[in-house]
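Examination of the molecular architecture
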There are 2 protein chains.
Amino acid sequence: MNDDIRPGEVACALPGAFDAGLYFIGRIRTPWARRADCPRRGDPDGPLCLVEIDARWRGALAGLETGGELQLLYFMHEARRDLVLQTPRGRAAPVGTFALRSPVRPNPIASSIVQLETIEGGTLGVRGLDCLDGTPLVDIKPWRPARARSKTDQP
Amino acid sequence: MNDDIRPGEVACALPGAFDAGLYFIGRIRTPWARRADCPRRGDPDGPLCLVEIDARWRGALAGLETGGELQLLYFMHEARRDLVLQTPRGRAAPVGTFALRSPVRPNPIASSIVQLETIEGGTLGVRGLDCLDGTPLVDIKPWRPARARSKTDQP
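Residues numbered from 1 in each chain as written. Chains lettered and ligands numbered in written order. Predicted model: local features only at pLDDT ≥ 70, side-chain atom pairs only at ≥ 80, totals over all residues. Heavy atoms only, no water.

1. Quick notes on the overall build of chain A
- Of regular secondary structure, chain A possesses 1 helix and 10 strands.
- For chain A, the N- to C-terminal ordering of α and β elements is β-β-β-β-β-β-β-β-β-β-α.
- For chain A, restricting intrachain contacts to residue pairs at least 6 apart in sequence, the fraction spanning at least 24 positions comes to 77%.
- Here chain A has roughly 6,900 Å² of accessible surface; of this, 48% comes from carbon and sulfur atoms.
- Across chain A, 21 positive and 19 negative side-chain charges occur, with their mean positions spaced 5 Å apart. (Helix = DSSP H or I, 4+ residues; strand = E, 2+ residues; numbered from the N terminus. Contact = heavy atoms within 4.5 Å. Areas by Shrake-Rupley, 256 points an atom, 1.4 Å probe, with all protein chains shown as cover. Lys, Arg positive; Asp, Glu negative; His and termini not counted. Charge placed at Lys NZ, Arg CZ, Asp CG, Glu CD.)

Here it is as structure tokens:
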């Protein structure tokens, strides 16, 4: 974790207790061992990454089919959580945390849309990720782009 | 919470402890007081819903502008978390939890894309939600559809 504050950044005092808990349901294997190595955004033509589901949850993969898209939620466990204003690399001025998709946020949950290419037992092969090797997985959902995009596209 | 199990549904034993914690950062006000009243999916032409941000996090709204889209993450606090196979209303056979966007999942975090219509102090007015009145808010992110959709659309 990096606790440096850059000019213009503002931290708040975090609450004394959490309001709810997360179960990690698996791990994501990627080629990126350090944060500086991660791409800034997932690339659908990027490397195949492996999503390893814990044995307890493997039965919940029933019904998934390769060739479609999934939404993955994962926990950016190395990010600090108390910045209200932050200055990402390459930005001149600080901006509100909720106007950014930075990992630094009160609940560091990332959401990515990936292509599902392989399913082998409890391991999914996907493209489109951007995260550190070993990132804890929080959820897998089918992705239906029409769902929230345009009423006229919906079935 | 509804703990009934339908035919074909399979529950697992949940882990004995959580792996990480969530802070609720606000509440969502919608017209729907019971789960049965909620729409099955958010509608961009649906009613205006209010997203009330806790005072601690209001500064993190800096930089948001009306007229665009946001991704909201929220916690479906009434859903059970232990079903591996489930049979949603209207389905004949059970299917894996990760092949559904049902609220019933190990980490009941919903993700919706909404239209941001108003910002008044710490309250956002949005359209496109589907959740219960009082639902705890977990995150707000700008939504950039090109980001994960198609490489050629990216800047």
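2. As for the interface of chain B and chain A
- Contact residues are listed per partner, giving 67 residues for chain B and 67 residues for chain A.
- Carbon and sulfur atoms make up 56% of the surface buried where chain B meets chain A, a total of about 6,400 Å² over both sides.
- The tally of links between chain B and chain A comes to 2 salt bridges.
- In this structure, the salt-bridge partner of A:Asp139 is B:Arg105, at a minimum N-O distance of 2.7 Å.
- Taken together, the connections running from chain B to chain A amount to 32 residue pairs in polar contact (both at pLDDT 80 or more).
- Sorting the residues of the side of chain B that touches chain A by element identifies strand 2 (20–22), strand 5 (69–75), strand 6 (83–86), strand 7 (95–96), strand 8 (109–120), strand 10 (135–142) and helix 1 (145–149) of chain B as the ones contributing at least two each. (Buried area = accessible area lost by both parts, 1.4 Å probe. Salt bridge = Lys/Arg side-chain N within 4 Å of Asp/Glu carboxyl O. Polar contact = N/O pair within 3.5 Å; in protein donor to acceptor, adjacent residues only side chain to side chain.)

3. Quick word on the relation of the copies chain B and chain A
- Here chain B sits on chain A after a turn of 180° about the axis and a move of 0.0 Å along it, with an RMSD of 0.0 Å. Overall, the copies show the geometry of a two-fold rotation axis. In terms of C-alpha distance to the rotation axis, chain B has B:Gly21 as its closest residue, with the C-alpha 2.2 Å off the axis.
- Same-surface contact between copies: 100% of interface residues of chain B are shared with the interface of chain A. (Least-squares fit on C-alpha atoms with pLDDT ≥ 70 in both.)

4. Here's the deal with the sheet that holds strand 1 (residues 10–11) of chain A
- The antiparallel open sheet is built from 3 strands, whose spatial order is 1-6-7 (chain A). Each having just a single partner strand, strand 1 and strand 7 (95–96) of chain A make up the two edges of the open sheet. (Pairing = 2+ DSSP bridges.)

5. Considerations on the side chain of A:Asp130
- Mapping A:Asp130 onto the fold places it in the loop between strand 9 (123–127) and strand 10 (135–142).
- The exposure class of A:Asp130 is buried, given its relative accessible area of 14%. (Buried < 20%, exposed > 50% of the residue type's maximum accessible area, 1.4 Å probe, protein only.)

6. Points about the sheet that holds strand 1 (residues 10–11) of chain B
All names here are of chain B.
- As summarised here, the arrangement of the 3 strands in space is 1-6-7, forming an open sheet in which the pairing is antiparallel. On the outer flanks of this sheet lie strand 1 and strand 7, each paired with one strand and no other.
- The pairing of strand 1 with strand 6 spans 2 bridges and is classified as antiparallel. Counterpart to Val10 in the pairing with strand 6 is Leu85.

7. Quick word on the pattern of salt bridges
- Tallying each qualifying case throughout the model produces 12 salt bridges over all chains.
- Between A:Arg80 and A:Asp82 there is a salt bridge whose closest N-O contact spans 2.8 Å. As far as burial versus exposure is concerned, A:Arg80 and A:Asp82 are alike and both buried.
- Three or more residues are tied together by salt bridges with common partners; here these are A:Arg105, B:Asp139 and B:Lys141.

8. Describing the environment of B:Thr66
Residues and elements named next belong to chain B.
- With respect to the secondary-structure elements, Thr66 resides in the loop between strand 4 (49–53) and strand 5.
- With 13 residues separating them along the chain, Thr66 and Ile53 place their C-alpha atoms 16 Å apart.
- For Thr66, the residues in contact, after removing those within four places along its chain, are Leu116, Glu117, Thr118 and Ile119.

9. Here we look at a positive patch on the surface
- A cluster of basic side chains, namely A:Arg6, A:Arg35, A:Arg40, A:Arg89, A:Arg91 and B:Arg144, defines a positive patch on the protein surface.
- Here A:Arg40 lies in the loop between strand 3 (26–29) and strand 4 (49–53).
- Exposure remark for A:Arg40: the relative accessible area of 68% places this residue in the exposed category. (Patch = residues over 30% accessible without salt bridge, like charges linked within 9 Å, V, L, I, M, F, W, Y side chains within 5 Å.)

10. Quick look at the packing of aromatic side chains
- Across all of its chains, the model carries 5 aromatic pairs over all chains by this definition.
- Taken together, a centroid distance of 4.8 Å and an interplanar angle of 35° make the contact between A:Phe18 and B:Tyr23 tilted. Here B:Tyr23 lies in the loop between strand 2 and strand 3 (26–29) and A:Phe18 lies in the loop between strand 1 and strand 2 (20–22), a pairing that spans two chains.
- We classify B:Tyr23 as buried; its relative accessible area is 7%.
- Taking the centre distance of 5.7 Å and the plane angle of 45° together, the rings of B:Phe24 and B:Phe75 count as tilted. With B:Phe24 in the loop between strand 2 and strand 3 and B:Phe75 in strand 5, the pair connects residues that are 51 residues apart, well separated along the chain.
- Among the residues examined, B:Phe24 registers a relative accessible area of 15% and is labelled buried. (Phe/Tyr/Trp six-rings, centres within 6.5 Å; stacked < 30°, edge-to-face > 60°.)

11. A closer look at the confidence of the model for chain A
Residues and elements named next belong to chain A.
- The predicted model of chain A averages 90 in pLDDT, with 91% of residues at 70 or higher.
- With pLDDT under 50 throughout, residues 147–155 is counted as low confidence; its partners more than four residues away or in other chains account for 21 contacts.
- With pTM at 0.91, the complex prediction returns an ipTM value of 0.91. (pLDDT = per-residue confidence, 0-100.)

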